[in-house]
Amino acid sequence: MNIETRSPSYLEIVPDKPVERFLRMFILSSKAVEELVIISPIIGMLRGGVSVSMNRVIERINREHIKTYVITNEPSPYHSSHVQAMTALRQSNFIEIRYNESLHAKVYICRTRDGGFALLGSGNLTETSIQRRIEIGMIIFRRGNGIPLFQELSKWGLERLRSVRGSILIKRMTLRR
Amino acid sequence: MDFKEWFCLNERDSFTIDPQINSEDAQFYFGRATKLKELQTQLRKGFIDPGVPKIFIYGSFGSGKTQTLYNLAYYLQHDPPKSLQLKPAIIHVVLDMQSKSSHLDWHLQLMEALGKERVSRWIDDLFSKVPSLDEALTSLLSDYNIINAVKNLRGGGDMPMLAWRWLAGHRLSPAELQRLQLTRNSGDIGAGDMVKVLVGLGHLAEKNDEKLIFFMDEVEQFTNITNADCFEAVHNYLRQLSEQKNSSVGFIMSSYGLTDDDMPRMMVRGDIRNRIGAINYIEIPPLPSVEDIRTFICELLLNFIDRKAAEEKIQQQGLAVSLDTYPFDADAFEKLCDYASQDPTKALPRNIIKSINECAISAWDVEKAVIDVEIVNEIASLVFG
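Nothing here was measured: the structure is a model prediction, and the numbers come from that model. (Residues numbered from 1 in each chain as written. Chains lettered and ligands numbered in written order. Predicted model: local features only at pLDDT ≥ 70, side-chain atom pairs only at ≥ 80, totals over all residues.)

The helix and strand tally for chain A stands at five helices and eight strands. Counting from the amino terminus, chain A carries its helices and strands in the arrangement β-α-β-α-β-α-β-β-β-α-β-α-β. Its C-alpha radius of gyration of 15 Å places chain A within 12% of the 16 Å reference for a compact globule of 177 residues. For chain A, buried positions account for 43% of its 177 residues. (Helix = DSSP H or I, 4+ residues; strand = E, 2+ residues; numbered from the N terminus. Rg over C-alpha atoms; globule rule 2.2 N^0.38 Å. Buried ≥ 20, exposed ≤ 12 C-beta atoms within 10 Å, placed from the backbone.)

With that out of the way, let us pick up the sheet that holds strand S5 (residues 281-283) of chain B. All names here are of chain B. Within the open sheet, the five strands sit side by side as S2-S3-S4-S1-S5. Their pairing is parallel. Of all strands in the sheet, those with a lone pairing partner are strand S2 (87-94) and S5, marking the two edges. Sheet twist, expressed as the mean angle between neighbouring strand axes with direction ignored, is 20°. (Pairing = 2+ DSSP bridges. Axes fitted to C-alpha atoms, helices over the stretch in contact; angles between N-to-C directions.)

Next up on the list: the interface of chain B and chain A. If you look at the interface, chain B gives 23 residues, while chain A gives 23 residues. When residues of the side of chain B that touches chain A are traced back to their parent elements, those giving at least two are helix H4 (103-114), helix H16 (349-365) and helix H17 (373-384) of chain B. Looking at the side of chain B that touches chain A, the element that brings in the most residues is H16 of chain B, giving four residues. Broken down by class, the residue content of the side of chain B that touches chain A amounts to nine nonpolar, eight polar and six charged. (Contact = placed C-beta atoms within 7 Å. Nonpolar A, V, L, I, M, F, W, Y, C, P; charged D, E, K, R; others polar.)

Time to look at unusual backbone geometry. With the exception of glycine, most residues fall at negative phi, and the peptide bonds are largely trans. All names here are of chain B. Looking along the chain, the bond that leaves Asp 49 and enters Pro 50 is cis, with omega of 15°. Considering the arrangement of structural elements, one finds Pro 50 in the loop between helix H2 (33-48) and strand S1 (54-59). In the segment running from Tyr 326 into Pro 327, the intervening peptide bond is cis, with an omega of 10°. With respect to the helices and strands, the residue Pro 327 is situated in the loop between helix H14 (307-317) and helix H15 (330-342). In the Ramachandran plot, Ser 142 falls in the positive-phi region, its phi being about 65° despite a non-glycine side chain. Within the secondary structure, Ser 142 is located in the loop between helix H6 (133-141) and helix H7 (144-152).

Below, the discussion takes up the domain arrangement of chain B. Residues and elements named next belong to chain B. As far as domains go, chain B holds domain 1 (3-17 + 288-384) and domain 2 (32-283). Inter-centroid distance (C-alpha atoms) of domain 1 to domain 2 is 40 Å. Taken together, the contact between domain 1 and domain 2 spans five residues of the former and five residues of the latter. When grouped by side-chain class, the residues that make up the side of domain 1 that touches domain 2 number three nonpolar, one polar and one charged. (Domains from an automatic or database assignment.)

Take the pairing of strand S7 (residues 137-141) of chain A next. Residue and element names in this part refer to chain A. Across the five residues of S7, four count as buried, placing the element largely inside the fold. Taken together, the five bridges between strand S6 (residues 115-121) and S7 define a ladder with antiparallel strand orientation. Along S7, the bridge assignment pairs Leu 120 with Met 138.

Listed as buried for H7 of chain B are Asn 145, Ile 146, Ile 147, Ala 149, Val 150 and Asn 152 of chain B. The secondary structure elements touched by the buried residues of H7 of chain B are helix H5 (116-129), H6, helix H8 (159-168), helix H9 (174-180) and helix H10 (191-207) of chain B.

What follows deals with H15 of chain B. Residue and element names in this part refer to chain B. If you check H15, its first and last C-alpha atoms are 19 Å apart, about what 13 residues at 1.5 Å a residue would give, namely 18 Å. Those residues of H15 that sit buried are Ala 332, Phe 333, Lys 335, Leu 336, Cys 337, Tyr 339, Ala 340 and Ser 341. Where the residues of H15 are buried, they touch helix H13 (290-304), H16 and H17. (Expected span 1.5 Å × (residues − 1).)

Between two packed helices, the angle of one axis relative to the other and the distance separating the axes together describe the packing. Residue and element names in this part refer to chain B. With their axes 11 Å apart at the nearest point, H13 and H16 run at an angle of 55° to one another. Here H13 lies oblique to H16, going by the angle between them. Regarding H13 and H16, the two cross each other, and that crossing is right-handed. Each of Ile 293, Phe 296 and Ile 297 in H13 lies in contact with H16, whose residues at this interface are Pro 349, Ile 352 and Ile 356. Grouping the constituent residues of the contact of H13 with H16 by class yields six nonpolar, no polar and no charged. (Parallel < 35°, antiparallel > 145°, perpendicular 65-115°, else oblique. Left-handed = near helix turned anticlockwise from the far one by under 90°.)

Moving on, we get to the environment of Gly 121 of chain A. Residues and elements named next belong to chain A. Topologically, Gly 121 is positioned in strand S6. Note on Gly 121: 22 C-beta atoms within 10 Å, which makes it buried. Put simply, Gly 121 and Lys 17 are 104 residues apart on the chain and 10 Å apart in space, counted from C-alpha to C-alpha. Not counting chain neighbours up to four residues away, the residues in contact with Gly 121 comprise Pro 18, Lys 106, Glu 135, Ile 136, Gly 137 and Met 138.

As a further point, take the sheet that holds strand S5 (residues 107-112) of chain A. Residues and elements named next belong to chain A. Here we have eight strands laid out as an open sheet, ordered S1-S7-S6-S5-S2-S3-S4-S8, and mixed in their pairing. Edge positions in the sheet fall to strand S1 (11-14) and strand S8 (168-171), since each has one partner strand and no second. Across the sheet, the mean angle from the axis of one strand to that of its neighbour is 15°, orientation sign disregarded. Sheet contacts for helix H5 (residues 146-160): S1, strand S2 (33-39), strand S3 (67-72), S5, S6 and S7; angle to S5, the most-contacted strand, approximately 115°.

The subject of this paragraph is the confidence of the model for chain A. On average, chain A scores 92 in pLDDT, and the residues at 70 or more come to 94%. Counting interchain partners and residues more than four positions distant, the pLDDT-below-50 stretch residues 1-7 of chain A has 12 contacts. (pLDDT = per-residue confidence, 0-100.)

This brings us to the nonpolar core. All names here are of chain B. Membership of the largest hydrophobic core comes to 165 residues, with the highest contact counts inside it found for Ala 73, Val 150, Phe 215, Val 234, Tyr 237, Leu 336 and Ala 360. When residues in this core are grouped by element, the largest group, nine residues, is from H10. Excluding anything up to four places from it in sequence, Leu 336 contacts Ile 297, Phe 328, Ser 355, Val 376 and Ala 380. (Core = buried A, V, L, I, M, F, W, Y, C linked by C-beta atoms within 7 Å.)

Okay, here's the thing in structure tokens:
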């Protein structure tokens, strides 16, 4: 659903599989991605019918040296998909990982040199959320009047959330772009 | 202790600057005193001749174009030049164009940013000041349709909204036009028709002691327009707005662009360049030398650090760091300047600010009171590498 009529839209409500939509936009984006931010209490390997697997996401991060910031809860040993996903994410030199036990927000940001988009919504980055849960999200495009919203969300995710007490650094980025 | 207290930040959460989020950030323009003087000079001159500034700024991504726009607006609001004898009505617009966007879309974006409430206030104020609104509007606006549309902003019921929609370029039905006593839709006779609306509103602003100035960001969006007719219509709109005779609506546009080849095509066309004037095409380049980078960082730290709190912390903890470079120790500060100046194309404010903030987050992660060379090596290589 578009918010505006004649002016190009910078907001879009996504009532159907918003997280999968974000991932598809990230994977299919022809623009060079500069930064990716994943804020989700639970993260899975995204297997079993999800069109974009975690391995594909990591592959693009590694191939294009995308600076990626992941903030999530510390995975419970009983949640094998979360454990596996964090193990896979930790292998990449381009990913910073932080754990925050108070995290409940779900925000995903993809920044390109001259644009980008962000998803603010209810969905975790998991197969269950994408396949079985009723989720909703709003995509904010970094253009027109969407720019201040995108900037504020980026500032929150990239600065405030990373520097609050409780956001514990688990792994740094280690390689040059 | 949180991040802000850890680094004695002066009423701010981080070292980043974004006037779109925090309006007070517009006051900062670090390390570029000469460039700022050049920009302010052109602004000042613009208010003398042709009466409003018409300036085009360009540079690479991250060079600080948005900050420049906001800083110039801040300057006009807080320390206006003598040549600006009216109160500035500053309107920020972030352009958003697509392949078939035309002058209608541009006009709509400008009008929406200007806002119905502001224009209605102008017309109400004028009404309270003059013996005859009709006569005042006739002398200001000259065009029959524009006069009637503006007058209807004071009407009852849905008339003000209909009038506003006409002014903004929406197509009205014949019945709606008749109710407003208008003979045609705005824009029916081209882009110049709509510029007349805008310029007329500029005159209305002047009558209320305000000078209308648009600060348009992301003008590289013009390059999205691929439809030839749309492109020419937008070009025509810009040409009319740039005319010397327009002395009521100023603009400062900012666009990505390093050379004529990657700037929006219409901006480098001779007719536009002649109207705006080559001297008003101003580049915002990367910081040219290591000394400029040092100045940039020092000025940033001077403004963002609570010096009293930092001084106490340095003394209490016996930190081997100068107050001028805190929270960087001397070696780390020089190292950061070195990294930032290695590749001149990357010596951009955005990169420098990002590296300062990331260094601070890294130090905070490991509870270091100061940023040392080890942290700078790790972060700056990621940002500038």
